[in-house]
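Descriptive analysis of the structure
For reference, the chains in residue letters:
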Number of protein chains: 2
Amino acid sequence: MAEVKKIAVIAGDGIGPEVVAEAEKVLKRTEELFGYKFQTEHALFGGIAIDEKGTPLPQETLDICQKADAVLLGAVGGPKWDNNPKELRPETGLLGIRKALGLFSNLRPAVVFDCLKDASTLKAEVLEGTDLIVVRELTGGIYFGEKFRRETENGQEAVDTCAYNVNEVERIVRQAFEIAQKRRKKLASVDKANVLETSRLWREVVIKVAPEYPDVELEHVLVDNCAMQLLRRPSSFDVIVTENMFGDILSDEAAMLTGSIGMLSSASLGEGSFGLYEPVHGSAPDIAGQNLANPIATILSVALMFRMTFGYADAADAIERAVSDVLNAGHRTGDIAVDKSKAIGTTEMGDMIVAAIKK
Amino acid sequence: MAEVKKIAVIAGDGIGPEVVAEAEKVLKRTEELFGYKFQTEHALFGGIAIDEKGTPLPQETLDICQKADAVLLGAVGGPKWDNNPKELRPETGLLGIRKALGLFSNLRPAVVFDCLKDASTLKAEVLEGTDLIVVRELTGGIYFGEKFRRETENGQEAVDTCAYNVNEVERIVRQAFEIAQKRRKKLASVDKANVLETSRLWREVVIKVAPEYPDVELEHVLVDNCAMQLLRRPSSFDVIVTENMFGDILSDEAAMLTGSIGMLSSASLGEGSFGLYEPVHGSAPDIAGQNLANPIATILSVALMFRMTFGYADAADAIERAVSDVLNAGHRTGDIAVDKSKAIGTTEMGDMIVAAIKK
Ligand SMILES: [Mg+2]
Ligand SMILES: [Mg+2]
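Residues numbered from 1 in each chain as written. Chains lettered and ligands numbered in written order. Predicted model: local features only at pLDDT ≥ 70, side-chain atom pairs only at ≥ 80, totals over all residues. Heavy atoms only, no water.

The subject of this paragraph is the sheet that holds strand β8 (residues 186-191) of chain B. Residues and elements named next belong to chain B. Pairing is mixed across the open sheet formed by 10 strands, whose spatial order is β2-β1-β3-β12-β11-β4-β5-β10-β8-β9. Looking at strand neighbours, the two that pair on one side only are β2 (37-42) and β9 (217-222), the edges of this open sheet. Pairs of neighbouring strands in the sheet enclose a mean axial angle of 25 degrees, with direction left out of account. Of the strands in this sheet, β4 (105-111), β5 (131-137), β8 and β10 (239-242) touch helix α9 (residues 244-258), which is tilted by about 160 degrees from β5. Along the sheet, helix α10 (residues 296-310) makes contact with β1 (4-12), β2, β3 (70-75), β4, β11 (265-269) and β12 (275-279), crossing β12 at roughly 160 degrees. (Pairing = 2+ DSSP bridges. Helix = DSSP H or I, 4+ residues; strand = E, 2+ residues; numbered from the N terminus. Axes fitted to C-alpha atoms, helices over the stretch in contact; angles between N-to-C directions. Contact = heavy atoms within 4.5 Å.)

Printed below as a string of structure tokens:
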């Protein structure tokens, strides 16, 4: 009998509860079909935790996550909490949970769904076959470096500091090589080594560890060139690894070129197999509670969890195939429907995908 | 009679001399047609200056530039000098000339030529009407901040520093507002104010000076969102102003989406009207001296010079129209030809454009 996998389920705010509910149906169906065993435990997080517990990240939630093998997160935040003091903002909870769980990388697969190719602003023949993943360092770099102001003779000056040490770079570069080994075995390391010292260190580390992954084809790409090449030859990329800010920019560009940004999943990983999985889209408070949200990104986050944390490639494949089959059959939620009058609801989409999962 | 405008002409390396020669024909033709007077003086710069004078930026060249009203630059660099020590590299000359001439902004227009729309990886209907300009700060930010290494318990650490003071931001933001006033009166200021202190200072300055340009519609865009919006709605942008590194990335992305990166001009500006104009493309040593280079980017750099430095909008319009007319008539150099066997040479393209300039 399969080992029981513990999944902490954080529905969060806005459309979070609705899309997570559909993902849980998918979990249940894969148990039935593949014999896997999941034990889910729900926890409060984000705005709803602020309202009910007075903090975006209650200790109890953290305990549940730390005892789990993986976390499934819906979405957090909304206008209700936007003007709160910093410690009472949902986003502060996100930073806190990543830190507490030791998550140092963010994975953003950018996949093109054949039947949604028209949604992209890129030409179909350019997009054809695009299936890449951006591995972004999440804990270092200029976003977390020392920041301050000082007076100068040219008026106030603002300063940000960007720092990376060898260990920080090495752990994410190794993770990216390992991910590439399980995919098409191509890694693009993105830096600005012709100008930045942190990028030179980054490239030194990549060059140092690369010989340990001789089966992976490595290229070094300057960040501005990468912003161009993502447009010119998106399908040629497999895994892209880069530092925090470059990853922030490039993962959004890569997501947009798929044309299906509302359909993309993501993972935040640390050492070992533990991971936090969530859709790239936000909490969409404007459509919350109306059965209008698209649950596909959250359902694909479950597939990503199966693949990355549990090693259940068979079930991951089955879920992804089910999503494709339902889309190919022409079913659409409102966000991706051309004819909005024929759009189906959140639960209908979830049910159809569940019904389409085949062993 | 028109005032004589002095133009320092730096042909440079690779295809530089060939494309600059065609641009000079254009200068001559606009003198005849519009009654303007130009006095050109040639100067050595880049690799050829290293070979002939032992330095990429001879004092004599700098003197010629400083006495001029504008500089027209072809291209510099090539494999011959790539392994030189830093002070003997063509790129070092570029940094030196910008600094000596007080050039603090780089302007990169990204224009779509109707008849070349197919060259873009974006759909024609998305590109339709795209005509934007990226104004990039050129002297500050992380590329020029303090850089160093230090030992830590996590291995060597590399540090880059990003700094901006109020005066540096204000001068380029004002320049961008003024450029927007002469165009479609829309300005997108790009920053990462939700995370970076330098970006918060940047945004404060933009908000402070904005009321002085009430005719310009201003939007603040986060850099990662801008990387997406350039793909989603390129034609909605007019002027984009941003700091050095963001501008490096976004101007390349914007250039690539036009599909005609070999056709784009650029300007580096300082205080006042002085400017250095050059094509975005490089020196292409592989095709140098073979009458294969496309002179259009350099010819359009002359049009940009007319518009930005001299205020000769009539002649600028005439040059741009001539380029369009020649392209619309189906003439192509090899780089943009679909049927390479029908491609014309550098001089033929230059002659055709010259012949097409009409008052
Ligand atoms: Mg981002
Ligand atoms: Mg660049």
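Don't stop here, the text continues.
Moving on, we get to the relation of the copies chain B and chain A. Taken as rigid bodies, chain B and chain A are interconverted by a rotation of 180 degrees and an axial shift of 0.0 Å, the fit giving an RMSD of 0.0 Å. Both copies of the chain, as the preceding transformation shows, are related through a two-fold rotation axis. Interface residue correspondence from chain B to chain A reaches 100%, placing this contact among same-surface, isologous pairings. (Least-squares fit on C-alpha atoms with pLDDT ≥ 70 in both.)

Moving on, we come to the coordination of the magnesium ion (ligand 2). The protein atoms that coordinate the magnesium ion (ligand 2) are Asp224 of chain A (OD), Asp248 of chain B (OD) and Asp252 of chain B (OD), at distances of 1.9 to 2.3 Å. Highlighted residues: aspartate 248 of chain B and aspartate 252 of chain B, both in helix α9, separated by four residues, approximately one helical turn. You can call aspartate 252 of chain B buried: its relative accessible area is 9%. (Donors = N, O, S within 2.8 Å, 3.2 Å for Na, K, Ca; no water. Buried < 20%, exposed > 50% of the residue type's maximum accessible area, 1.4 Å probe, protein only.)

This paragraph deals with the coordination of the magnesium ion (ligand 1). Coordination of the magnesium ion (ligand 1) by the protein comes from Asp248 of chain A (OD), Asp252 of chain A (OD) and Asp224 of chain B (OD), over a distance range of 1.9 to 2.2 Å. Remark: aspartate 224 of chain B occurs in helix α8 (residues 223-232) and aspartate 248 of chain A occurs in helix α9 (residues 244-258); the pair is interchain, linking two chains. By the burial criterion, aspartate 248 of chain A is buried, and aspartate 224 of chain B matches it.

What follows concerns the domain arrangement of chain A. Residue and element names in this part refer to chain A. As assigned here, chain A comprises domain 1 (1-103 + 270-359) and domain 2 (114-261). Here the C-alpha centre of domain 2 lies 25 Å away from the C-alpha centre of domain 1. Taken together, the contact pairs 11 residues of domain 1 with nine residues of domain 2. Between domain 1 and domain 2, roughly 790 Å² of surface is buried when both sides are summed, and carbon and sulfur atoms account for 69% of that area. At the junction of domain 1 with domain 2, the criterion picks out zero salt bridges. One can count zero residue pairs in polar contact (both at pLDDT 80 or more) joining domain 1 with domain 2. (Domains from an automatic or database assignment. Buried area = accessible area lost by both parts, 1.4 Å probe. Salt bridge = Lys/Arg side-chain N within 4 Å of Asp/Glu carboxyl O. Polar contact = N/O pair within 3.5 Å; in protein donor to acceptor, adjacent residues only side chain to side chain.)

So, about the pairing of β4 of chain B. Residue and element names in this part refer to chain B. In terms of burial, β4 is a largely internal element, six of the seven residues being buried. As paired elements, β4 and β5 share seven bridges and run antiparallel to each other. Along β5, the bridge assignment pairs proline 109 with isoleucine 133. In the sheet, β4 pairs with β11 via three bridges, with the strands oriented antiparallel. Pairing of asparagine 106 across the sheet is with serine 268, part of β11.

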